[in-house]
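# Coordinate inspection notes
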Amino acid sequence: MNNISRRKFLLGCGGFCFWAGLGVPGLMTGEAKAADLESKSVGRVHIFRDDAPEKLWKWSREAFSYEKISGSKTVCNICPNSCVLSPGDRSICRSKVNMDGTLYTLAYGNPCSVHIDPIEKKPLYHFLPRSRAFSLAEAGCNFRCLNCQNWEISQARPSEVRHYDLFPQQAVERALRSGADAIAYTYSEPITFFEYTIDTARIAKQQGLKNLLISNGYINQEPLLALCEVIDAANINLKSFDDKLYRKLNGGRLQPVLDTFRTLNEQNVHFEMTTLVVPGYVDDPEMIRNMCKWITDNLGGGHPLHFLRFIPHYKLDRLPPTPVSTLEQMRQIAMEEGIRYVYIGNVPGHEANHTWCHNCGKLLIKRQGYDLSLPGLEDGRCRFCDTEIPGVWNKKT
Amino acid sequence: MKKKAENRILRLVIVTGIASVASQLLIIREFLSRFQGNEFVIALIIFSWLVLGGTGTWAARAFGRGFLAPCLERLSLLSMLLAALSPLTLLAARVLRDIIFLPGSAAGFYATSGYIFGIAAPYCLLLGFLLPYSLFCLRVLQPGFPGTRVYIADNIGDAAGGAFFSFLLVFIATPLQSLFIVNSVLLAAAYFLLPPERRLRVQIFLPAAIVLAVLATALFMEEPSLKRPAGRLVHYEESRYGRVEIFKYEGQHTLFIDGRPVFSDQNVIQAEEIVHYPLAQLESVENVLLISAEGKMMRELKKYNPESVDYVEIDPAVTRTLFNYGMLEQIPVLNVIHRDARLFLNSTAKTYDAVIVNLPEPETFQINRFFTKSFFRLTKQHLTEKGIFCFHTRAAGNYISEPQQRKLSILYKTASCFFSDILMLPGERLYFLCADFEIDAGIPALLSDKNINTQYIQGYFPGNITPDRIDWLKNQLISDVAANTDFSPRLVGIMFSQWFAEFDSTPVLFLGILALGLITYLARSRGEEFVLFTTGAMTMGSEILVIFAFQVFFGYIYFEIGLIVTVFLAGLLPGAFIGERCRNLGRRLFLITDALLILSVTAFIAALYFAGNILPEFVFLVFGGIVSVACGIQFPVALHLGGPENPAAVRAFSADLIGAAVGTLVVSVVLMPYAGLLWTAGALAAMKTISLSYVFLGYE
């Protein structure tokens, strides 16, 4: 019998541990999978133990996608947080609870915020300009952005906010009555009220309304594909191009968001991208260049990109606002990298609020706030050089 | 020989008092500029300082022997260490903030508390330790040396330090320069505490040289330690009201006051909103009053061709800096007034077509004064018949949380006491327009009628501020609220709730631990300690009460506020003299002084309530003086009753500090915001009544 050397033994053990650690998910036991998933939680993001209500309320539904593991534990499959919940626990996004081994959403038909907005406010600049969006939000979010504008609803439990009673059918009826052209799932994070979003969107689609997803894009493939069937346009935040920054500023990760962009692109959903330029964090020219390179390499140059000016807010209130010249520099980089439609937001009167033909450079859409004129656009083409302009320009498209 | 040594120790105690009060004021300002400058944090800093000091004092009982047995050399070395710790504490407070927390981010209550405690602990513990330790050293030289003399020396130092900083240092030196000045004197006093032959020994000389090097090196760290994650510091100034900084970043100048960005020169939106929302309502604009102003406001104001624009800003350093860096346009009709705005309005008969208040959130008692019934009434008196009043506050556009709902409702209720029409516009911030005519929400159309062009309003207003949103906002108001008044600053309490909500936390745990600790402490304390504890709480509580009431009636006046603080510190001194002389009266003196305290606080509040508007300034000083003297009297008596042993003196010093700490916290963050001025005064009087009954019934 050959003697095994101590070195080989250690290497062997190391190799075993490595492969065992990687594990083939299908071969994992429930406990191991739960432990694996729990270990992946990001920094300050955590589930809420023993925080579920005593009993369900009227605005509860069984979750769209989850797994039962190891007894009565559940894993939510909606977003990459993959919250592993024991009975009585609440998810990171605050809207899902495990009740006796079944995962429920508590955010269904109880929006806390309902308004009608111009579509440009989302911002969606290449999708049915001048149309109006009936906008809905439920409480909760799977991120922890330090600069969240809507933290009072995104960082709250559904039971902590005042809300309307508006189940999907009623929401659609109300949107129709208001004369809106679309329903926008927005303000907080529609991925956390996925069940409400998809059910409402299905009915809205049947009734001829468009569906708009305004989101951080932190969603798993399976639910995203289901959404793609009913969503007409999306604005997805690309908060930075650095996983460390995602963890620090947002409590999430970058890769799942990039995967979302790829899927939306493959599924031919119209989408636009938004990056909030946070001074000292999301304003590194090299990072922005890499981000734009990735966009053009993977998604092409036709998807509009919005650089937004940061204003100190919520927990990120000790930074200056973004200088306009920084936004201009970011825009220049993006255009150099081949992104054709790059806008600057939160800077009234800036020429980068308008749409310029990427081919001939002529003015296509002039925006003064939400007041638009379309001097150079006709049937989705540049009136001057007949170039097709990416986007959805009329309702029949 | 002994006498000389005693005098040197007492001199050292005085110099320590001077250096420590100057250090305390500077380190408190530093913490304030690094964290949320709300009343809770202010109280928390003072509380931490006093509790840590009290703990240090208490620790002297346990550690003031053996290795640290009292001797002159150790006292000298420890005092030198204190001198070095002062600038190091300030630098740590400044620099570690961005290492421990994410640069540019706010910190919640518990994180702030932990940071303040951790950073201030070495300095405060040592400072607290040194006071009884000095007494122990004196008692080595002369057994039974009266603790009162150390107490008196400490009070002399404290009062002198407060006055020296508030009336001189703050005007001539930066924080680290100030610390260099006061701690060099402390270093010298510590070094010369020893006889000449011992000063040259390496174990004394070398530490002294190192401390001097630390103090000198710190002088060069002032501006480098103010670095920020985004931008270059181009202007830095410590005014009497706070820290004024300008950071330049990619061509944009941003003004930071006390560490928070106030405005930048590229903010078009807010400048347009705050000027045009009110002025668009007026047929003609002649006289405008701005209470604080920013960036591009003057450019927008010019579009109305006003005859005069009075711009009131309390801090001359702010206006000087704004004009120097072109952040505020100098227009010919502009008249800059450096005064407290309430004081200014009280002193002028001029009327205005528009009064525009551009202040931050009412997180402090000082800012709250501009959101009360009295101020709104005053404003109304200075408006022309067709005049308009505008102020703004923070509120999210898509959902109004419960604290915000209460805040808006209180503001609406307060304004509706004086104005027949109030319009709330949910813009970048939430704007209140108040007038006695029907206010028109169609601002873009009004501007078009006047041929006034804007970059933001005309394009964005129709989408952002729809009639639906205006109605929705009004429907959020709750009617079951009381108006915000000077005496009951309800908005401050709501701002606390909002702050805790932002961090998903609650002060209950902290207050619970505090209550538990307090109960344990009081259960174990002796009778005279209890009296001193209540006296310490009474002094600090009254000081906060007096400063608050003074601001309400006279406006914020730096020198007078400084004078009040000095009176409170200085009054202890004659009190201690009297107490020392009459200490043989024992508990009877407690009874007399407690009764005096109860009577004086009752008389003061009655005077404020019935004749607040006509009370002369000296009444506030006299009240402060009486409280301070009464407290000063009690200390020697407590020391006398406790006996000549060191532990008794330590307990007395600790009781005073812990009482002061608790008084600060409870009055600032519980009683004043939630119960109002009258109930606060009532609570202080009730606390002293308990103390009086306790003494009267005999606490043995």
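Residues numbered from 1 in each chain as written. Chains lettered and ligands numbered in written order. Predicted model: local features only at pLDDT ≥ 70, side-chain atom pairs only at ≥ 80, totals over all residues.

## As for the overall build of chain A
When helices and strands are counted, chain A shows 10 helices and 19 strands. Residue burial in chain A is summarised as follows: out of 397 residues, 53% are buried. Long-range pairs, those at least 24 residues apart, make up 69% of the contacts in chain A between residues at least 6 apart in sequence. (Helix = DSSP H or I, 4+ residues; strand = E, 2+ residues; numbered from the N terminus. Buried ≥ 20, exposed ≤ 12 C-beta atoms within 10 Å, placed from the backbone. Contact = placed C-beta atoms within 7 Å.)

## Let's talk about the overall build of chain B
Assigned secondary structure in chain B consists of 27 helices and 11 strands. The globule rule puts the C-alpha radius of gyration for 700 residues at 27 Å, and the 27 Å found for chain B is close to it. Projected onto the principal axes, the alpha-carbon positions of chain B cover approximately 90 × 55 × 45 Å. Per-residue burial for chain B yields a buried fraction of 56% across its 700 residues. Restricting the contact set of chain B to residue pairs at least 6 apart, pairs at least 24 apart contribute 80%. (Rg over C-alpha atoms; globule rule 2.2 N^0.38 Å.)

## Describing the pairing of strand E16 (residues 363-368) of chain A
Side-chain direction in a regular strand flips from residue to residue, so the side chains alternate between the two faces of the sheet. Residues and elements named next belong to chain A. In this structure, strand E15 (residues 355-356) lies alongside E16, joined through 2 bridges in antiparallel fashion. Opposite Thr355, over in E16, you have Ile365 as the bridge partner. Connecting E15 to the next strand, E16, in antiparallel fashion are 6 residues, including Gly361 with a positive phi near 80°. As judged from the 3 bridges shared by E16 and strand E17 (residues 371-373), these two strands associate in the antiparallel manner. Paired with Arg367 across the two strands is Leu372, which belongs to E17. (Pairing = 2+ DSSP bridges.)

## Quick look at the interface of chain B and chain A
If you look at the interface, chain B gives 38 residues, while chain A gives 39 residues. If you tally residues by element for the side of chain B that touches chain A, the top one is helix H18 (residues 457-464) of chain B, at 5 residues. When grouped by side-chain class, the residues that make up the side of chain B that touches chain A number 15 nonpolar, 17 polar and 6 charged. (Nonpolar A, V, L, I, M, F, W, Y, C, P; charged D, E, K, R; others polar.)

## Considerations on the packing of helix H1 (residues 2-34) of chain B against helix H2 (residues 39-63) of chain B
All names here are of chain B. Between H1 and H2, whose axes approach to 10 Å, the crossing angle comes to 140°. Classified by the interaxial angle, the pair formed by H1 and H2 is oblique. When the axes of H1 and H2 are compared, the crossing they make is right-handed. When H1 is examined against H2, the residues Gln24, Ile28, Phe31 and Leu32 are found in contact with a partner set consisting of Val41, Ile42, Ile45, Ile46 and Trp49. (Axes fitted to C-alpha atoms, helices over the stretch in contact; angles between N-to-C directions. Parallel < 35°, antiparallel > 145°, perpendicular 65-115°, else oblique. Left-handed = near helix turned anticlockwise from the far one by under 90°.)

## Description of the domain arrangement of chain A
Residue and element names in this part refer to chain A. Structurally, chain A comprises domain 1 (28-105) and domain 2 (113-382). Summarising the inter-unit geometry, the C-alpha centres of domain 1 and domain 2 are found 28 Å apart. Across the contact, 20 residues belong to domain 1 and 26 residues belong to domain 2. A breakdown of the residues in the side of domain 1 that touches domain 2 according to their chemical character gives 11 nonpolar, 6 polar and 3 charged. (Domains from an automatic or database assignment.)

## Regarding the sheet that holds strand E3 (residues 252-257) of chain B
Strand pairing in a sheet relies on backbone hydrogen bonds, with the paired strands running either antiparallel or parallel. Residues and elements named next belong to chain B. An order of E1-E2-E3-E4 is seen for the 4 strands of this open sheet, with the pairing classed as antiparallel. Looking at which strands have only one partner, the edges of the open sheet turn out to be strand E1 (232-239) and strand E4 (260-264). Strand-to-strand twist in this sheet, taken as the mean axis angle between neighbours without regard to direction, amounts to 25°. Of the pairings in the sheet, the one linking strand E2 (residues 242-249) to E3 comprises 6 bridges and is antiparallel in character. Note on E3: the bridge partner recorded for Phe247 is Thr254.

## Considering the sheet that holds strand E1 (residues 61-62) of chain A
Residue and element names in this part refer to chain A. Pairing is antiparallel across the open sheet formed by 3 strands, whose spatial order is E1-E6-E5. Strand pairing shows two members of the sheet lacking a second neighbour, E1 and strand E5 (96-99), which therefore form its edges. Bridge count for E5 against strand E6 (residues 102-105) is 4 bridges, and the pairing is antiparallel. Across the sheet, Val97 pairs through a bridge with Tyr104, a residue of E6.

## Describing the domain arrangement of chain B
Residue and element names in this part refer to chain B. Parsing chain B into structural domains produces domain 1 (1-226), domain 2 (228-261), domain 3 (267-492) and domain 4 (507-700). Each of domain 2 and domain 3 has a C-alpha centre, and these two points are 25 Å apart. Taken together, the elements giving at least two residues each to the side of domain 2 that touches domain 3 come down to E1, E2 and E3. Looking at the side of domain 2 that touches domain 3, the element that brings in the most residues is E1, giving 3 residues.

## Structural notes on helix H12 (residues 316-324) of chain B
Residues and elements named next belong to chain B. Among the residues of H12, Val318, Thr321 and Leu322 are the ones counted as buried. The arc that holds the buried residues of H12, viewed along the axis, is 100°, so those residues lie on one side. Buried residues belonging to H12 abut E1, E2 and E3. Trailing H12 by a residue or two, Gly326 shows a phi angle of about 65°, which is positive. (Arc of directions from axis to C-beta.)

## Some words on the confidence of the model for chain A
Across chain A, the average pLDDT comes to 90, with 88% of residues at 70 or higher. Across residues 1-29 of chain A, confidence stays below pLDDT 50; counting only partners more than four residues off in sequence or on other chains, it has 7 contacts. (pLDDT = per-residue confidence, 0-100.)

## Things to note about the packing of helix H20 (residues 490-502) of chain B against helix H27 (residues 646-697) of chain B
All names here are of chain B. Where H20 meets H27, the closest approach of the two axes is 6 Å, and the angle between their N-to-C directions is 125°. Taken together, H20 and H27 sit at an angle that is classed as oblique. Here H20 runs over H27; the crossing is left-handed. Along its contact with H20, which presents Val492, Gly493 and Phe496, the element H27 presents Val669, Pro673 and Tyr674. Of the residues assigned to the contact of H20 with H27, the class counts are 5 nonpolar, 1 polar and no charged.

## Here's the deal with the nonpolar core
Grouped together as the largest cluster of nonpolar side chains are 350 residues, with contacts concentrated most on Ile183 and Leu212 of chain A together with Ala83, Ala354, Cys390 and Leu433 of chain B. At 23 residues, H27 of chain B tops the list of elements feeding residues into this core. (Core = buried A, V, L, I, M, F, W, Y, C linked by C-beta atoms within 7 Å.)

## Examining unusual backbone geometry
Cis geometry marks the peptide bond from Lys122 of chain A to Pro123 of chain A; its omega dihedral reads -10°. We note that Asp386 of chain A has phi near 65°; this positive angle belongs to a residue other than glycine. Positionally, Asp386 of chain A belongs in the segment after strand E19 (381-382). Given 12 C-beta atoms within 10 Å, Asp386 of chain A falls into the exposed group. Not every positive phi belongs to a glycine, and Asp258 of chain B is a case in point at roughly 50°.

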